[in-house]
Amino acid sequence: MANRPLQLTLNGQSVGPVDIPDDLPMIDYLHEYKNLTGSRLGCGQGICHACVVIVDNPDGTSEEVRTCITGAHYFEGKKVRTIEGHATRDEQGKVTELNPIQQRFVDEFAFQCSYCAPGFVNAATVLVEKLQRQPIVKSQLEQVIEDSLGHHVCRCTGYVRYYSATRNVLTDLGLVREG
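Residues numbered from 1 in each chain as written. Predicted model: local features only at pLDDT ≥ 70, side-chain atom pairs only at ≥ 80, totals over all residues. Heavy atoms only, no water.

An unreviewed UniProt entry annotates the protein chain as (2Fe-2S)-binding protein of Pseudomonas fungipugnans.

Shown next as structure tokens:
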């Protein structure tokens with residue numbers, strides 16, 4: 001298989017160009033080339049969403065993309081965020097502060113084994129960013145959370161806590177209006 005150069009922005013840093021195989025899945029690029037192992041290989045078929053990263057689109061929106069079924073070259077020229085890119089770090093790379101979603105998930109013990117946690121954090125991040133552009137009314141909250149998190153699989157069945165933590169962070173951030 002031939003190699004091609006890949007260049008992207010990863011967690012705010014320009015990466016590449018680096019020659020990688022044409023058929024390399026993004027999950028393998030993150031793990032093997034960048035040592036970013038937070039995105040998890042769960043099912044390997046794009047069903048569980050443990051492997052998702054966030055792609056920041058030029059129009060200011062963001063979206064989840066499954067890395068186990070998406071080749072690394074799909075991300076050419078794109079801005080990508082992994083779970084490792086959410087927290088604030090000092091000059092040595094040590095985490096100094098979690099983002100509000102991560103902190104709420106920790107505060108509410110929203111995970112058990114945590115294998116699926118990176119996917120849920122990324123999904124909740126995309127939801128927060130969407131609602132920052134257009135908040136919702138309280139009557140829509142449960143459906144919006146289901147639409148955002150419902151396709152993620154938790155092997156420990158920790159959905160209630162993930163949903164609760166997401167509900168609470170959306171309320172904490174003032175993204176849910178009465179009505």
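Below, the discussion takes up the packing of aromatic side chains. Per the counting criterion, the structure on display carries five aromatic pairs. Judged by centre distance (5.3 Å) and plane angle (55°), the rings of Phe105 and Tyr162 are tilted. Here Phe105, found in helix H2 (residues 100-107), pairs with Tyr162, found in helix H5 (residues 159-172); they are 57 residues apart in sequence, far enough to count as distant. Comparing Phe105 with Tyr162 shows no difference in burial state: the two are buried. When the ring of Phe120 is compared with that of Tyr162, the centres are 3.9 Å apart and the planes differ by 5°; the resulting orientation is stacked. With Phe120 in helix H3 (residues 117-133) and Tyr162 in helix H5, this residue pair connects regions lying 42 residues apart in the sequence. Both residues of the pair, Phe120 and Tyr162, count as buried. (Phe/Tyr/Trp six-rings, centres within 6.5 Å; stacked < 30°, edge-to-face > 60°. Helix = DSSP H or I, 4+ residues; strand = E, 2+ residues; numbered from the N terminus. Buried < 20%, exposed > 50% of the residue type's maximum accessible area, 1.4 Å probe, protein only.)

All right, on to H3 then. Its 17 residues give H3 an end-to-end C-alpha distance of 25 Å, which sits within 8% of 24 Å, the value for a rise of 1.5 Å per residue. The buried fraction of H3 is high, at 14 of 17 residues. (Expected span 1.5 Å × (residues − 1).)

Working definition: the strands of a sheet are paired by backbone hydrogen bonds and lie parallel or antiparallel to each other. Taken in spatial order, the five strands make up an open sheet running S2-S1-S5-S3-S4, and their pairing is mixed. The sheet is open, and its two edges are formed by strand S2 (13-21) and strand S4 (62-65), each paired on a single side. Between one strand axis and the next, the sheet turns by 40° as a mean value, whatever way the strands run. Summarising the sheet, strand S3 (residues 53-56) and S4 pair through four bridges and their orientation is antiparallel. (Pairing = 2+ DSSP bridges. Axes fitted to C-alpha atoms, helices over the stretch in contact; angles between N-to-C directions.)

Bringing the nonpolar core into the picture now. Ile101, Phe105, Phe120, Leu131, Ile145, Tyr162 and Leu170 are the most contacted members of the largest nonpolar core, which totals 26 residues. Going through the elements one at a time, H2, H3, helix H4 (141-149) and H5 are the ones with two or more residues in this core. Broken down by element, the residue count for this core peaks at eight residues, all from H3. If sequence neighbours within four positions are ignored, Leu131 has contacts with Ile136, Val144, Leu170 and Leu175. Counting residues in each nonpolar core, the second largest holds 16 residues, with Val15, Leu24, Met26 and Val65 among its members. (Core = buried A, V, L, I, M, F, W, Y, C linked by side-chain atoms within 4.5 Å. Contact = heavy atoms within 4.5 Å.)

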